[in-house]
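# Topology and contacts: notes
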Amino acid sequence: MTLKKRILLVDDDLDFLEMHKVVLVNHGYEVITATSAQEGLEKVRAEMPDLIVLDLMMEKHDAGFSFSKQIKSDPLFKKIPILMVTAVADATGFKFSLEKDGYWMKTDEFLDKPVEPAVLISKVEKLIGEKED
Amino acid sequence: MNTEANILIVDDEMGIREGCKRALSEEGYAVDAAEDGKTGLQKVKEKNYDLILVDLMMPGIGGMELIKKVHHCDPEIITVVITGNATIETAVEATKLGAYDYLPKPFSPEALSVVVKRGLEKRMLRLEAKKLYAERTQKMLELVNERSRLRTIIGCMADGVLVANLEGRLVLWNASSVKMLKSKGFDIAGEPLEYYISNEPLIVAIKEILNSDDQDFSMISHEIPAQDEKVILMANIAPVRDEDGKILGAVTVLRDITALKEINKIKSQFVSMVAHELRAPMAAIKGWLEVVVSGEAGGDAEQNKQWLQRAMDRSDSLLALVDDLLVINRMETGKVAQKMGPVKINDIILKIVDLLGPDAEKHKVSIAAELAEDLPSIQADVRDMEKLFTNLISNAIKYNRKNGSVFLEGKVEGNFVCYRIKDTGIGISAEHLSCIFDDFYRADDERTKKIPGTGLGLTIASKIVNSHFGRIEVTSEPDKGSIFSVFLPLEHRKD
């Protein structure tokens, strides 16, 4: 029996936190949640998740960026893939691409909110699969 | 001119008078005669003569004196001296006094005719010259007036005006341009632009127009930073052309668009803020619907219903946000005028406490009020007052702790009625306190996250209070509670 993969959701919007959780739990993942960057960092240290789904903009507008930077610059955690989600990219016309922005935006995948459940699952599977390889 | 020419003969010899009259009448002139200087002068004063034949030797006013006086009346009149004592001296003297010609007695009708004809031609030239002179004087006057009017007009303009000639020298300007460009020395005209202005981009733009070969363009607009970096000027520069389209100079009109730019910036910021605030709940609603529709969460009917309820709750908050935005818009555009009338705030507060009762019960918060009974009614808009106190009291309930309380107090303080809303809630820390009246500002932390709110409630409250010439104050202590005080001016008593 393989161990359940653990996913940490970090989002200050409780609706997104829960809707992502119910989808992921239904697909057999163990889900831990945090509603702030600070709480997220604590949970990473305590739980060592296999993947992080991170909201770009939280209480402070750049909280997501600094969070991912902190994770990716820590030798202990940098292997943990990060899936960044945001509700603002379309509204601001600020388009990210991993090829172009990857060097400064330390993240592995990027999605606009709301994320379709099927897309969320496929991205999560892909990132966790890559980590295994 | 012949037929219209009026001729006067002044001579004491009747023979001369009659002879001349007959000869000249035959040629079609209108001829009068006078037998002495005094009568002659009288006639000149009564009628416009073109030409006068004057005998020098007359009793009373002599010929010389008459010539002098006649020219005083009409400088363009032609005087011809006729005399028997023809000497060079008298002729010179008469000419000095303004006489045009000299006809020695005795003379033939033909000689008279030639002299008169020549004299009348001269008269015509003199009148023409006088007319032209008058016209020129009038034109000069008009020009001076026009220039003065132009200077006055451009002097009054709030926009800056600069006119440069083809050589790039300044020929006309107004006070606004001096102020906008903070120029040195606009005291004299005709120096190159660089003498007055140190704004390099503006000088380059004007010279570009002056040196342009393009025949078609009529104006170029530039945004130009002023010396003071906060100020932005819009420069409209137009070439002045002659009939062939050749450029003679350039007119520059400067407008300070700093405020406009600032307003545009604030507008864009507001729009992007609103878009974000609207998109987040929309995305959450859609997210829940997708969870249910896709079946990826694998919920049963009961769970699906719960998730749909989450979408419903979020759409309620979205609706509240749109409503609040509409309230702000209504107040800022003044589309619906406030209906000011006497309002008893106590009644409004009691009504709101009643309405919010179930809400308070749900939060396990008790409400108590101590409202002075004799509080006068104030001039206010009922709807605004309801909105104001609903926002403040519902905040006091929402941000309270379990088993907390809300205390409402109303009394007169100085020239104001003062209402205080005290709660025993989570309070507001000093760093958030200065921002709580800003659009969409919410003191986000672990405890406020689960409390729904648009971030516009206090913005609206403060706008309402301001529009009623009152003020709103807040004191707060984290974990102890907040006190919001609303001061609304008492109505001025008419007696």
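Higher on the page you've got the structure.
I will try to describe carefully the structure that is included in this document. (Residues numbered from 1 in each chain as written. Chains lettered and ligands numbered in written order. Predicted model: local features only at pLDDT ≥ 70, side-chain atom pairs only at ≥ 80, totals over all residues.)

This part takes up the overall build of chain A. Secondary structure summary: chain A contains six helices and five strands in total. The order of α-helices and β-strands along chain A, N terminus first, is β-α-β-α-β-α-β-α-α-β-α. Per-residue burial over chain A gives 43% buried out of 133 residues. Long-range contacts, defined here as pairs at least 24 residues apart, represent 68% of the contacts in chain A between residues at least 6 apart. (Helix = DSSP H or I, 4+ residues; strand = E, 2+ residues; numbered from the N terminus. Buried ≥ 20, exposed ≤ 12 C-beta atoms within 10 Å, placed from the backbone. Contact = placed C-beta atoms within 7 Å.)

Residues and elements named next belong to chain B. Assignment of secondary structure puts Met234 in strand β9 (residues 232–241). Judged by C-beta crowding, with 17 C-beta atoms within 10 Å, Met234 ranks as partly exposed. In the structure, Met234 is positioned 10 residues away from Ile224 in sequence and 6.1 Å away in space, judged by C-alpha atoms. Apart from the residues within four sequence positions on either side, Met234 is in contact with Ser221, Glu223, Arg255 and Ile257.

Now for the packing of helix α1 (residues 14–26) of chain A against helix α9 (residues 258–294) of chain B. Between two packed helices, the angle of one axis relative to the other and the distance separating the axes together describe the packing. It is the contact of α1 of chain A with α9 of chain B, at a shortest axis distance of 10 Å, that shows an interaxial angle of 15°. Comparing the axis directions of α1 of chain A and α9 of chain B gives the class roughly parallel. The way α1 of chain A lies across α9 of chain B gives a crossing that is left-handed. Across from Asp15, Phe16, Met19, Val22 and Val23 of chain A in α1 of chain A, the residues of α9 of chain B making contact are Ala284, Gly287, Trp288 and Val291 of chain B. (Axes fitted to C-alpha atoms, helices over the stretch in contact; angles between N-to-C directions. Parallel < 35°, antiparallel > 145°, perpendicular 65-115°, else oblique. Left-handed = near helix turned anticlockwise from the far one by under 90°.)

Our focus in this paragraph is the sheet that holds strand β5 (residues 109–112) of chain A. All names here are of chain A. Taken in spatial order, the five strands line up as β2-β1-β3-β4-β5 in an open sheet, and their pairing is parallel. Strands with a single pairing partner mark the edges of an open sheet, and in this sheet they are β2 (30–34) and β5. If you compare each strand with its neighbour and ignore which way they point, the axes differ by 20° on average. Bridge count between strand β1 (residues 6–10) and strand β3 (residues 51–55): four bridges; the pairing is parallel. Within β3, the residue paired with Ile7 across the bridge is Leu51. Where helix α2 (residues 37–47) meets the sheet, its contacts fall on β1 and β2, and the angle it forms with β1 comes to roughly 165°. Packing against the sheet, helix α3 (residues 63–72) makes contact with β1, β3 and β4 (82–86), and its axis sits at approximately 155° to β3. (Pairing = 2+ DSSP bridges.)

Residues and elements named next belong to chain B. At a minimum axis distance of 9 Å, the contact between α9 and helix α10 (residues 301–333) shows a crossing angle of 165°. When the axes of α9 and α10 are compared, the pair comes out roughly antiparallel. Crossing geometry of α9 relative to α10 is assigned as left-handed. Note on element contacts: α10 touches α9 through Asn304, Trp307, Leu308, Arg310, Ala311, Arg314, Ser315, Ser317, Leu318, Leu321 and Leu325, opposite Val274, Glu277, Leu278, Pro281, Met282, Ala284, Ile285, Trp288, Leu289, Val291 and Val292. Taken together, the residues that form the contact of α9 with α10 break down as 16 nonpolar, three polar and three charged. (Nonpolar A, V, L, I, M, F, W, Y, C, P; charged D, E, K, R; others polar.)

In this structure, strand β1 (residues 6–10) of chain B lies alongside strand β2 (residues 30–34) of chain B, joined through five bridges in parallel fashion. Note that in β2 of chain B the partner of Ile9 of chain B across the bridge is Ala33 of chain B.

Further remarks concern unusual backbone geometry. Backbone torsion omega between Lys113 of chain A and Pro114 of chain A reads -5°, so that peptide bond is classified as cis. Mapped onto the elements of the fold, Pro114 of chain A is located in the loop between β5 and α6 (117–132). The omega torsion of the bond from Lys105 of chain B to Pro106 of chain B falls at -10°, within 30 degrees of zero and hence cis. A positive phi angle, close to 70°, is found at Asp479 of chain B, a residue other than glycine. Here Asp479 of chain B lies in the loop between β16 (471–477) and β17 (481–489).

On to the environment of Ile153 of chain B. Looking at the secondary structure, you find Ile153 of chain B in helix α5 (residues 109–156). A C-alpha to C-alpha distance of 9.4 Å links Ile153 of chain B and Asn174 of chain B, two positions 21 residues apart in sequence.

Residue and element names in this part refer to chain B. Taken in spatial order, the five strands line up as β12-β14-β15-β17-β16 in an open sheet, and their pairing is mixed. With one partner strand each, in any of the chains shown, β12 (366–371) and β16 form the two edges of the open sheet. Averaged over neighbouring strand pairs, the angle between their axes works out to 15° when direction is ignored. The pairing of β12 with strand β14 (residues 405–413) spans six bridges and is parallel. Among the inter-strand pairings, Ser366 is bridged to a residue of β14, identified as Ser405. Contacts from helix α12 (residues 382–398) reach β14, β15 (416–423) and β17 within the one sheet, and its direction differs from that of β15 by about 20°.

Ranked by internal contacts, the top residues of the largest apolar core, which has 42 residues, are Ile7 and Leu83 of chain A. Among all residues touching Ile7 of chain A, those that are not within four sequence positions of it are Leu24, Tyr29, Val31, Pro49, Asp50, Leu51, Val53 and Val124 of chain A. Judged by nonpolar contacts, the second largest core, of 35 residues, contains Val343, Ala396, Val406 and Val417 of chain B. (Core = buried A, V, L, I, M, F, W, Y, C linked by C-beta atoms within 7 Å.)

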